[in-house]
Amino acid sequence: MSKEKWKPGNMLYPVPAVMVTCQKPGEKANIITLAWAGTICSDPAMLSISVRPERYSHSIIEETGEFVVNLVTTELTRACDWCGVRSGRDYDKFKEMKLCEYKSDYMGVPAIEESPVNIYCKVKKQEKLGSHDMFIAEVVGVTVDNKYMDDKGRFDLRAADLIAYSHGEYFSLGKKIGQFGYSVRKTDNKSNNSKTRKNSNSKNNRRFHKKK
(Lines give C-alpha, C1' and ligand atoms only; values in the text may rest on other atoms or scores of the structure.)
Protein backbone atom coordinates (compact mmCIF):
# COMPACT_ATOMS: atom_id res chain seq x y z
CA MET A 1 0.00 0.00 0.00
CA SER A 2 1.30 3.44 -0.91
CA LYS A 3 0.28 6.73 0.74
CA GLU A 4 0.86 10.39 -0.03
CA LYS A 5 2.30 12.85 2.46
CA TRP A 6 0.33 16.06 3.04
CA LYS A 7 1.10 19.13 5.09
CA PRO A 8 -0.70 19.44 8.47
CA GLY A 9 -4.41 20.12 8.10
CA ASN A 10 -7.83 19.40 9.55
CA MET A 11 -8.92 16.05 8.13
CA LEU A 12 -10.91 14.81 11.12
CA TYR A 13 -14.14 14.15 9.24
CA PRO A 14 -17.08 13.69 9.40
CA VAL A 15 -18.11 16.08 12.15
CA PRO A 16 -21.48 17.42 13.30
CA ALA A 17 -22.75 20.63 11.75
CA VAL A 18 -24.53 22.57 14.48
CA MET A 19 -26.36 25.87 14.75
CA VAL A 20 -25.28 27.81 17.83
CA THR A 21 -27.53 30.52 19.20
CA CYS A 22 -26.34 33.43 21.30
CA GLN A 23 -27.71 36.79 22.42
CA LYS A 24 -26.75 39.93 24.29
CA PRO A 25 -29.45 41.19 26.69
CA GLY A 26 -31.81 43.55 24.92
CA GLU A 27 -30.48 42.70 21.44
CA LYS A 28 -31.65 40.28 18.75
CA ALA A 29 -30.65 36.64 19.03
CA ASN A 30 -28.12 35.35 16.51
CA ILE A 31 -27.29 31.99 14.94
CA ILE A 32 -23.79 30.90 13.95
CA THR A 33 -23.15 27.64 12.09
CA LEU A 34 -20.16 25.67 13.36
CA ALA A 35 -18.46 22.39 12.53
CA TRP A 36 -15.74 22.64 15.17
CA ALA A 37 -17.83 21.42 18.10
CA GLY A 38 -17.61 18.33 20.25
CA THR A 39 -18.00 16.53 23.56
CA ILE A 40 -15.03 16.90 25.89
CA CYS A 41 -16.26 15.48 29.22
CA SER A 42 -19.06 13.22 30.46
CA ASP A 43 -19.17 14.14 34.15
CA PRO A 44 -19.74 17.01 34.41
CA ALA A 45 -21.23 17.16 30.94
CA MET A 46 -19.06 19.53 28.92
CA LEU A 47 -18.49 20.44 25.28
CA SER A 48 -16.47 22.91 23.28
CA ILE A 49 -17.02 25.13 20.27
CA SER A 50 -14.33 26.96 18.30
CA VAL A 51 -15.10 30.37 16.78
CA ARG A 52 -12.99 32.80 14.77
CA PRO A 53 -12.54 36.08 16.71
CA GLU A 54 -13.78 38.13 13.73
CA ARG A 55 -17.13 36.37 13.68
CA TYR A 56 -20.08 38.45 14.92
CA SER A 57 -21.08 35.79 17.47
CA HIS A 58 -17.62 35.64 19.05
CA SER A 59 -17.96 38.86 21.03
CA ILE A 60 -21.50 37.92 22.07
CA ILE A 61 -20.42 34.58 23.53
CA GLU A 62 -17.28 36.12 25.04
CA GLU A 63 -19.33 38.82 26.78
CA THR A 64 -22.33 36.76 27.94
CA GLY A 65 -20.64 33.41 28.58
CA GLU A 66 -23.72 31.58 27.30
CA PHE A 67 -24.81 29.80 24.14
CA VAL A 68 -27.07 27.00 22.92
CA VAL A 69 -25.97 24.21 20.58
CA ASN A 70 -28.86 23.16 18.31
CA LEU A 71 -28.58 19.90 16.38
CA VAL A 72 -29.38 20.01 12.68
CA THR A 73 -31.78 17.79 10.71
CA THR A 74 -31.93 17.33 6.94
CA GLU A 75 -34.87 19.76 6.88
CA LEU A 76 -32.74 22.40 8.60
CA THR A 77 -29.71 21.94 6.33
CA ARG A 78 -30.41 24.93 4.07
CA ALA A 79 -30.92 27.20 7.09
CA CYS A 80 -27.78 25.77 8.65
CA ASP A 81 -25.73 26.57 5.55
CA TRP A 82 -27.25 30.04 5.11
CA CYS A 83 -26.53 30.99 8.71
CA GLY A 84 -22.93 29.97 8.13
CA VAL A 85 -22.37 32.28 5.15
CA ARG A 86 -24.32 35.34 6.31
CA SER A 87 -23.40 37.62 9.20
CA GLY A 88 -25.62 38.55 12.11
CA ARG A 89 -24.31 42.08 11.70
CA ASP A 90 -26.42 42.35 8.54
CA TYR A 91 -29.33 39.99 9.09
CA ASP A 92 -31.84 38.80 11.65
CA LYS A 93 -31.21 35.12 10.96
CA PHE A 94 -34.26 33.82 12.83
CA LYS A 95 -36.46 36.10 10.75
CA GLU A 96 -34.72 35.43 7.43
CA MET A 97 -34.88 31.63 7.83
CA LYS A 98 -38.37 31.72 9.39
CA LEU A 99 -37.16 29.94 12.50
CA CYS A 100 -38.83 30.20 15.89
CA GLU A 101 -37.10 31.13 19.14
CA TYR A 102 -37.65 28.65 21.97
CA LYS A 103 -37.43 30.09 25.47
CA SER A 104 -36.34 27.79 28.28
CA ASP A 105 -35.78 28.07 32.03
CA TYR A 106 -32.05 27.39 31.66
CA MET A 107 -30.95 30.79 30.35
CA GLY A 108 -32.06 33.90 28.50
CA VAL A 109 -30.49 32.76 25.22
CA PRO A 110 -33.18 31.19 23.01
CA ALA A 111 -32.84 27.83 21.30
CA ILE A 112 -34.12 26.96 17.83
CA GLU A 113 -37.57 25.44 18.22
CA GLU A 114 -37.29 23.43 14.99
CA SER A 115 -34.13 21.67 16.21
CA PRO A 116 -34.72 18.23 17.81
CA VAL A 117 -32.07 18.72 20.51
CA ASN A 118 -31.01 21.95 22.22
CA ILE A 119 -27.96 21.94 24.51
CA TYR A 120 -27.65 24.90 26.87
CA CYS A 121 -24.08 25.84 27.78
CA LYS A 122 -22.22 28.18 30.11
CA VAL A 123 -18.62 29.04 29.27
CA LYS A 124 -16.04 27.90 31.82
CA LYS A 125 -12.89 28.78 29.94
CA GLN A 126 -11.77 30.49 26.74
CA GLU A 127 -8.61 29.35 24.97
CA LYS A 128 -6.97 31.43 22.23
CA LEU A 129 -5.56 28.81 19.88
CA GLY A 130 -4.72 30.66 16.68
CA SER A 131 -7.27 31.05 13.90
CA HIS A 132 -10.00 30.11 16.40
CA ASP A 133 -10.82 30.66 20.05
CA MET A 134 -12.15 27.62 21.86
CA PHE A 135 -14.99 28.11 24.32
CA ILE A 136 -15.02 25.28 26.86
CA ALA A 137 -18.46 25.07 28.40
CA GLU A 138 -20.52 23.10 30.89
CA VAL A 139 -23.90 21.78 29.81
CA VAL A 140 -26.53 23.16 32.18
CA GLY A 141 -29.58 21.65 30.50
CA VAL A 142 -31.05 19.98 27.44
CA THR A 143 -34.44 20.18 25.74
CA VAL A 144 -35.69 17.65 23.17
CA ASP A 145 -38.62 17.54 20.78
CA ASN A 146 -41.41 15.35 22.18
CA LYS A 147 -42.27 13.97 18.75
CA TYR A 148 -39.11 11.84 18.85
CA MET A 149 -40.08 10.07 22.08
CA ASP A 150 -41.10 6.44 21.52
CA ASP A 151 -43.88 4.53 23.28
CA LYS A 152 -41.40 3.39 25.96
CA GLY A 153 -40.43 6.94 26.88
CA ARG A 154 -37.05 6.79 25.15
CA PHE A 155 -35.71 9.47 22.83
CA ASP A 156 -35.24 8.11 19.31
CA LEU A 157 -32.34 10.20 18.02
CA ARG A 158 -32.14 8.24 14.75
CA ALA A 159 -35.65 9.35 13.83
CA ALA A 160 -34.50 12.98 13.97
CA ASP A 161 -32.57 12.47 10.68
CA LEU A 162 -29.47 14.41 11.71
CA ILE A 163 -26.73 15.52 9.33
CA ALA A 164 -22.94 15.42 9.29
CA TYR A 165 -20.39 17.70 7.63
CA SER A 166 -17.39 16.40 5.71
CA HIS A 167 -14.85 18.51 3.85
CA GLY A 168 -17.28 21.21 2.78
CA GLU A 169 -20.28 18.95 2.14
CA TYR A 170 -23.37 17.98 4.12
CA PHE A 171 -24.53 14.37 4.44
CA SER A 172 -27.48 12.64 6.04
CA LEU A 173 -26.53 9.79 8.34
CA GLY A 174 -26.51 6.34 6.77
CA LYS A 175 -27.90 3.04 7.98
CA LYS A 176 -27.00 1.61 11.37
CA ILE A 177 -24.12 -0.89 11.11
CA GLY A 178 -23.58 -1.72 14.78
CA GLN A 179 -23.69 -0.35 18.30
CA PHE A 180 -21.16 0.29 21.04
CA GLY A 181 -19.65 -2.96 22.34
CA TYR A 182 -21.32 -5.25 19.81
CA SER A 183 -17.97 -6.68 18.67
CA VAL A 184 -17.27 -8.27 22.07
CA ARG A 185 -20.77 -9.01 23.27
CA LYS A 186 -20.84 -12.54 24.68
CA THR A 187 -24.54 -13.02 24.03
CA ASP A 188 -23.81 -13.04 20.28
CA ASN A 189 -21.38 -15.94 20.69
CA LYS A 190 -23.76 -17.76 23.01
CA SER A 191 -26.57 -17.30 20.53
CA ASN A 192 -24.44 -18.59 17.67
CA ASN A 193 -23.17 -21.52 19.73
CA SER A 194 -26.73 -22.33 20.76
CA LYS A 195 -27.86 -22.33 17.13
CA THR A 196 -24.90 -24.54 16.20
CA ARG A 197 -25.75 -27.03 18.97
CA LYS A 198 -29.40 -27.10 17.93
CA ASN A 199 -28.50 -27.75 14.31
CA SER A 200 -26.04 -30.45 15.36
CA ASN A 201 -28.60 -32.13 17.65
CA SER A 202 -31.21 -31.98 14.91
CA LYS A 203 -28.86 -33.71 12.45
CA ASN A 204 -27.95 -36.37 15.04
CA ASN A 205 -31.61 -37.04 15.77
CA ARG A 206 -32.34 -37.49 12.08
CA ARG A 207 -29.43 -39.93 11.78
CA PHE A 208 -30.65 -41.85 14.84
CA HIS A 209 -34.17 -42.22 13.44
CA LYS A 210 -32.83 -43.39 10.10
CA LYS A 211 -30.76 -46.11 11.79
CA LYS A 212 -33.79 -47.37 13.68
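For every chain, the first residue of the written sequence is number 1, and numbering continues from 1 onward in sequence order. This being a predicted model, a pLDDT of at least 70 is required before a residue's local features are given, and a value of 80 or more before pairs of side-chain atoms are given or counted; all residues contribute to the totals for chains, interfaces and linings. Hydrogens and water are ignored here; the side-chain numbers use all heavy atoms of the structure.

Here's the deal with a nonpolar patch on the surface
Here's step 1: A residue counts toward a patch only above 30% relative accessible area and without a salt bridge, and it is joined to like-charged neighbours within 9 Å or, for Val, Leu, Ile, Met, Phe, Trp and Tyr, to nonpolar neighbours within 5 Å. Note on areas: Shrake-Rupley, 1.4 Å probe, and residue coverage restricted to the protein chains presented here. Any Lys or Arg side-chain nitrogen located within 4 Å of an Asp or Glu carboxyl oxygen qualifies as a salt bridge. Taken together, the side chains of Val142, Val144 and Met149 make up a nonpolar region of the molecular surface, amounting to roughly 210 Å² of accessible area.
Here's step 2: Within the secondary structure, valine 144 is located in strand S10 (residues 133–144).
Here's step 3: Given a relative accessible area of 36%, valine 144 falls into the partly exposed group. A run of H or I in DSSP counts as a helix once it spans at least four residues, and a run of E counts as a strand once it spans at least two, with each numbered from the N terminus. Think of it in three bands: with a 1.4 Å probe and only protein chains considered, a residue is buried below 20% of the maximum accessible area for its type, exposed above 50%, and partly exposed in between.

Observations concerning the sheet that holds strand S9 (residues 117–128)
Here's step 1: The 7 strands lie next to each other as S3-S2-S6-S9-S10-S5-S4, forming an open sheet whose pairing is antiparallel. The sheet is open, and its two borders are formed by strand S3 (30–34) and strand S4 (37–41), each paired with just one other strand. Within the sheet, the average angular offset between the axes of one strand and its neighbour, ignoring direction, is 35 degrees.
Here's step 2: Pairs of strands are assigned from DSSP output, requiring at least two bridges between the strands. Relative to strand S6 (residues 66–71), strand S2 (residues 18–22) runs antiparallel, the two being bridged by 4 bridges. Following the sheet pairing, methionine 19 is matched in S6 by asparagine 70.
Here's step 3: Strands S2 and S3 of the sheet are contacted by helix H2 (residues 77–85), whose axis makes an angle of about 100 degrees with S3. The convention used is that axes are lines fitted to C-alpha atoms, helices contributing only their stretch in contact, and that angles between N-to-C directions extend from 0 to 180 degrees. Any pair of residues with heavy atoms lying within 4.5 Å of one another is described as a contacting pair.

Quick look at helix H1 (residues 56–64)
Here's step 1: Listed as buried for H1 are Tyr56, Ser57, His58, Ile60 and Ile61.
Here's step 2: Where the residues of H1 are buried, they touch S2, S3, strand S5 (46–51), S6, S9 and S10.
Here's step 3: Following H1 by one or two positions, glycine 65 adopts a phi angle in the positive range, close to 70 degrees.

Focus: the confidence of the model for the chain
Here's step 1: One number per residue, pLDDT, summarises how confident the predictor is, and it ranges from 0 to 100. Taken as a whole, the chain shows an average pLDDT of 90; of its residues, 88% reach a score of 70 or greater.
Here's step 2: Across residues 203–212, confidence stays below pLDDT 50; counting only partners more than four residues off in sequence or on other chains, it has 0 contacts.

Let's talk about the state of the cysteines
Note: disulfide means a covalent bond formed between the sulfur atoms of two cysteine side chains.
Here's step 1: Count a disulfide wherever a pair of cysteine sulfur atoms falls within 2.5 Å. Taken as a whole and assessed by the stated rule, the structure comprises 0 disulfides.
Here's step 2: Counting only cysteine sulfurs, cysteine 83 is the nearest neighbor of cysteine 80, a cysteine outside any disulfide, at a range of 7.5 Å.
Here's step 3: Cysteine 80 sits in the buried class, given a relative accessible area of 0%.
Here's step 4: Using a relative accessible area of 0% as the deciding quantity, one classes cysteine 83 as buried.

Digging into the pairing of S9
Here's step 1: Summarising the sheet, S6 and S9 pair through 5 bridges and their orientation is antiparallel. Note on S9: the bridge partner recorded for asparagine 70 is asparagine 118.
Here's step 2: By the bridge criterion, 11 bridges tie S9 to S10 in an arrangement that is antiparallel. Opposite lysine 122, over in S10, you have glutamate 138 as the bridge partner.
Here's step 3: In this structure, the hairpin formed by S9 and S10 is closed by a connection of 4 residues, where glycine 130 is found at a positive phi of approximately 155 degrees.

Section: the packing of aromatic side chains
Geometry of an aromatic ring pair is reported as the spacing of the ring centres plus the angle between the planes.
Here's step 1: Working definition: a ring pair exists when centres of Phe, Tyr or Trp rings (six-membered ring for Trp) sit within 6.5 Å. Plane angles under 30 degrees give stacked, over 60 give edge-to-face, the rest tilted. Per the stated rule, a full pass over the model turns up 6 aromatic pairs.
Here's step 2: Centre to centre, the rings of tyrosine 148 and phenylalanine 155 are 6.2 Å apart; their planes meet at 85 degrees, and the pair counts as edge-to-face.
Here's step 3: The exposure class of tyrosine 148 is buried, given its relative accessible area of 15%.
Here's step 4: Residue phenylalanine 155 is classed as partly exposed on the basis of its relative accessible area, which comes to 26%.
Here's step 5: Every member of this aromatic cluster is reached through a ring pair, and the members are Tyr13, Trp36, Tyr165 and Tyr170.

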